[in-house]
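One-letter residues, chain by chain:
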Number of protein chains: 2
Amino acid sequence: MVQRLSAAEPDFAERFDALLSMKREVSEDVDQAVAAILADVRKRGDEALIDYSHRFDRVDLGILGIQVTAEEIAAARAECDRTALDALTLARDRIEAHHAKQLPRDETYVDPIGVELGSRWTAVDSVGLYVPGGTASYPSSVLMNAVPAKVAGVKRLAMVVPAPGGEISPLVLAAAELAGVDEVFRVGGAQAVAALAFGTETIRPVAKIVGPGNAYVAAAKRRVFGTVGIDMIAGPSEVLVIADGTANPDWIAADLLAQAEHDASAQSILITDDAALGDAVAEAVERQLTTLPRKDIASASWRDYGAIIVVEDIRAAVPLSDRIAPEHLEIVTEDPDALSREIRHAGAIFIGGHTPEAIGDYVGGSNHVLPTARTARFASGLGVLDFVKRTSILRCGPEQLRAIGPAAIALGEAEGLHAHARSVAIRMNPGA
Amino acid sequence: MVQRLSAAEPDFAERFDALLSMKREVSEDVDQAVAAILADVRKRGDEALIDYSHRFDRVDLGILGIQVTAEEIAAARAECDRTALDALTLARDRIEAHHAKQLPRDETYVDPIGVELGSRWTAVDSVGLYVPGGTASYPSSVLMNAVPAKVAGVKRLAMVVPAPGGEISPLVLAAAELAGVDEVFRVGGAQAVAALAFGTETIRPVAKIVGPGNAYVAAAKRRVFGTVGIDMIAGPSEVLVIADGTANPDWIAADLLAQAEHDASAQSILITDDAALGDAVAEAVERQLTTLPRKDIASASWRDYGAIIVVEDIRAAVPLSDRIAPEHLEIVTEDPDALSREIRHAGAIFIGGHTPEAIGDYVGGSNHVLPTARTARFASGLGVLDFVKRTSILRCGPEQLRAIGPAAIALGEAEGLHAHARSVAIRMNPGA
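All residue numbers refer to positions counted from 1 along the written sequence of the respective chain. Chains and ligands are labelled by the order in which they are written, letters from A for the one and numbers from 1 for the other. Only residues with pLDDT of at least 70 get local features here, since the model is predicted, and only at 80 or more are side-chain atom pairs given and counted; chain-wide, interface and lining totals rely on the full set of residues. Each side-chain value is worked out from all heavy atoms of the structure, with water and hydrogens disregarded.

- As annotated in an unreviewed UniProt entry, chain A carries the name Histidinol dehydrogenase and comes from Hansschlegelia plantiphila.
- UniProt positions are given in the numbering used here, feature names are shortened, and annotations may be inferred rather than shown by experiment. Reading the Catalytic activity (unreviewed entry) entry of the UniProt record for chain A gives the comment "L-histidinol + 2 NAD(+) + H2O = L-histidine + 2 NADH + 3 H(+)".
- Entered under Sequence similarities (unreviewed entry) in the UniProt record, the comment concerning chain A runs "Belongs to the histidinol dehydrogenase family."

Encoded structure:
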């Protein structure tokens, strides 16, 4: 049975806190193993990649080759179902159109005393994209990571994906091609992260690495951070649905289960002001579970981490939601905009009954790589800004230096940095 | 003697590579010590802070109190030199005015098929600012970190600064007050990072931690990343000056030394197409060094990491600069704009002879927290965007769901996520 909480109960605050602090991930201590793999790839390059792939993925890259060839990609595309390819193409086009609006603009202005200040944005030159293997190898995630990079203007996008037993999902390769990925390598794990960060004979190093992975991949990304840029470390996925009596309980149940089927550690929560809706949703979940192919995973997630919370007034859902800082937030109420405006911390908000989260996962156009595990308190979803960087530009003439130079000299001296002070003074008083 | 390189020499490529890969930081392995401190503060809270401060800073916070009081801050301000306070105020105002232009705008639009897509920016609720103690305790850095946070709308800005022997720089406290810092705590090291990340009885946890620190602070930030957001890990500072024969060698020498005086591991490089300018700068550096209070530091930096590189054509400086990806780049040539436009990787560019880097360090208005150690290849300087996060908003109606829902269903099925597919199908075909 799923957890039921009611804001009217005296122990609500404690139970809500417990729900918040629930640890959904078993933290594996793989850090030492990862450190050894990184050092080894750095030292032995391709040879180490071949050894680890043999050991972890049961594949001989000495024979098969580390890089996936254009012919293999074409063959994979030919193998794909036409409907799925068309759907991927629609998704690609919509993601591209939305992310094109995120391109930041360069700006230059002259301030009241004549100092010129500018910001110029440039793309990261080369990016590595990690794609998990096996059942978590999602073509939609390839699009969500690769398309914003290409929109940003990244010239070289190198994808790594493990090939357990030699297999890579054909649709993943087709998505890479559709998204404009430039190179694909059949390597996974910490060894793939090492190759992207340090380079090997076959894989040239990149400047930034993005994409989700298991505990080894996460630990490796954390370790190479600084040598290269990394995106956030993704945790298990979650959805919060805020719904009132106007919502259709079957639809809400379907959305909660769509989240739960990802992973036994996924989390689905409903907050409602209508206890009857809560009951109806709980019942619909049980009913829909019976016919779900991934029912074992979904029912474990729902049983262990799911929750239905009843509040007196739907507006009380807002502060609760902000404490959860959900990755995905659906608002299915009579006036969803009013509630949405009050929300401060959420990766993405899905408004109204006809916007199931799955639309955003695939074809809405916005990104499905979103901050998990309460990190929406400080982080944003993936976007074009993750693949560009800003250079600030400053220009003074003699007049401006006369105006603000004395303050710089004063601060340099106050900080004991006399060469700083002198570098300004020497220009103001050429005799000094 | 400083290193001299010439692009005309046959071994130039190797020597330039060696300059690039020069390791300027001794990497201390403090990770295990830091892990223990984090765990201890998490467990024992204030008591652990008091113990570590006693041990590392020789100060009894049990008597002095962990939080710096408003009275202490007022007393510190009264102690400060008026000229320095006025300079700080000017700097604060200019930093504020510039960063106000970085505030991102919310955007909502309806696409051709009627899907509404939006981006909404909100400030991080609470931010912790680490400020080093001792001689590296810079009031200008307090402004550079705190002002953008306040411009972004951060409600609670908590500063931590170690108080070795009980002492905190009065100008640092005055800068905190000027910048609108809400709380100041006299704690430093990994224990301060732990307090900000996990909270103690006195220090409430924050959502994000920024600011530079030593190896312990850097290791602690790396470890709490995920629980809280962090900014980049700062390395030793560096400047690259591109200058031609029109530059004043004394001014260039002063700028190279302003960088070198920071730290023995700072790096100052000149690239010029005029060998005579190179000679004159080398000579001016030696001359200016003799009268510099921090000459021991500056001469060690210049001797160990400084370089003068002569190229045939000044345009050859651009690809070399992009490989260095300098934190600070000064362009002092006849037509600096032409070169500046070609540069892709730099934290900040200072244009022309009257814009010494020290102006940007203090009063230019742009931020002096910039990506070091070649990270300008993928990272930007600190700014308002570091203190806000984006929530994406999506809304479909029945018509839009009919238009793009089938593609979502196809992708859900192709990925084996049937509950995803069903959450869309159930709305399109209410009988399903």
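Read on, since the account is not over.
1. Section: the relation of the copies chain B and chain A
And then number 1: Superposing chain B onto chain A requires a rotation of 180° together with a translation of 0.0 Å along the rotation axis, leaving an RMSD of 0.0 Å. Overall, the copies show the geometry of a two-fold rotation axis. Within chain B, B:Arg222 has its C-alpha nearest the rotation axis, a separation of 3.8 Å.
And then number 2: When the interface residues of chain B are mapped onto chain A, 100% of them again lie at the interface, so the same face is used by both copies. Least-squares superposition aligns the copies on the C-alpha atoms of those residues with pLDDT at or above 70 in both. Two residues form a contact once any of their heavy atoms are found within 4.5 Å.

2. Some remarks on the nonpolar core
And then number 1: One finds A:Leu143, A:Met159, A:Val184, A:Ile359, A:Val363 and A:Phe387 to be the most contacted residues of the largest nonpolar core, which totals 71 residues.
And then number 2: Considering every element that reaches this core, the biggest residue donor is helix 7 (residues 139–152) of chain A, with 8 residues.
And then number 3: Setting aside anything within four residues of it in sequence, one finds A:Ile359 in contact with A:Gly364, B:Leu394, B:Cys396, B:Leu401, B:Ile404, B:Gly405, B:Ala408 and B:Val424.
And then number 4: With 70 residues, the next largest nonpolar core counts A:Leu117, B:Val68, B:Val147 and B:Ala149 among its residues. As used in this record, nonpolar core signifies buried Ala, Val, Leu, Ile, Met, Phe, Trp, Tyr and Cys residues forming a set joined through side-chain atoms within 4.5 Å. Partly exposed residues are those whose accessible area sits between 20% and 50% of the maximum for their type, while under 20% is buried and over 50% is exposed, using a 1.4 Å probe and protein chains only. What counts as a helix is a DSSP run of H or I of at least four residues, what counts as a strand is a run of E of at least two, and both are numbered from the N terminus.

3. Some thoughts on the environment of A:Ala376
And then number 1: Inspection of the secondary structure puts A:Ala376 in the loop between helix 16 (357–362) and strand 14 (388–395).
And then number 2: In the structure, A:Ala376 is positioned 82 residues away from A:Arg294 in sequence and 28 Å away in space, judged by C-alpha atoms.
And then number 3: Those residues within four positions of A:Ala376 in sequence are excluded, and the remaining contacts are A:Ala325, A:Pro326, A:His345, A:Ala346, A:Gly347, A:Pro371 and B:Lys389.

4. Let's talk about the interface of chain B and chain A
And then number 1: Contact residues are listed per partner, giving 120 residues for chain B and 120 residues for chain A.
And then number 2: Put simply, a salt bridge is a Lys or Arg side-chain nitrogen that is within 4 Å of an Asp or Glu carboxyl oxygen. Applying the counting criterion to the chain B and chain A interface returns 8 salt bridges.
And then number 3: For A:Asp337, the salt bridge goes to B:Arg395, with nearest N and O atoms at 2.6 Å.
And then number 4: Here a polar contact means two N or O atoms within 3.5 Å. Within protein one must be a hydrogen donor candidate and the other an acceptor candidate, and residues neighboring in sequence count only if both atoms are side-chain atoms. Viewed at the interface, chain A and chain B are joined by 69 residue pairs in polar contact (both at pLDDT 80 or more).
And then number 5: Counting residues per element, the side of chain B that touches chain A draws most heavily on helix 17 (residues 398–414) of chain B, at 10 residues.
And then number 6: For this classification, Asp, Glu, Lys and Arg are treated as charged, while Ala, Val, Leu, Ile, Met, Phe, Trp, Tyr, Cys and Pro are nonpolar and the rest, including Gly, are polar. Residues of the side of chain B that touches chain A, tallied by class, amount to 59 nonpolar, 34 polar and 27 charged.
And then number 7: As paired elements, strand 13 (residues 348–351) of chain A and strand 14 (residues 388–395) of chain B share 4 bridges and run parallel to each other. Along strand 14 of chain B, the bridge assignment pairs A:Ile351 with B:Arg395. Strand pairing is assigned whenever DSSP detects at least two bridges linking the two strands.

5. Here's the deal with empty space enclosed by the protein
And then number 1: Buriedness of a pocket was judged along seven lines, with at least five required to meet protein on both sides within 12 Å; pockets are open sets of points on a 1 Å grid over the protein atoms alone, cavities are sets where a 1.4 Å probe fits but cannot get out, and lining residues have an atom within 4 Å of a point. Grid points are joined across faces, edges and corners, and a volume is the space filled by probe spheres set on the points. Scanning all chains against the criterion turns up 4 cavities of 30 Å³ or more.
And then number 2: Reported here for the largest cavity is a volume of approximately 80 Å³.
And then number 3: Together, 13 residues line the largest cavity, and A:Gln102, A:Asn367, A:Leu382, B:Arg390 and B:Ser392 are the ones closest to its centre.
And then number 4: Residue assignment for the lining of the largest cavity shows that the elements contributing at least two residues are strand 3 (116–123) and strand 14 of chain B.
And then number 5: Sort the elements by how many residues they give to the lining of the largest cavity and strand 14 of chain B lands first, with 3 residues.
And then number 6: Of the residues assigned to the lining of the largest cavity, the class counts are 2 nonpolar, 10 polar and 1 charged.
And then number 7: By volume, the second largest cavity amounts to about 60 Å³.
And then number 8: If you go around the second largest cavity, you meet 13 residues; those closest to its centre are A:Arg390, A:Ser392, B:Gln102, B:Asn367 and B:Leu382.
And then number 9: Listed by contribution, the elements that provide at least two residues to the lining of the second largest cavity are strand 14 of chain A together with helix 6 (82–100) of chain B.

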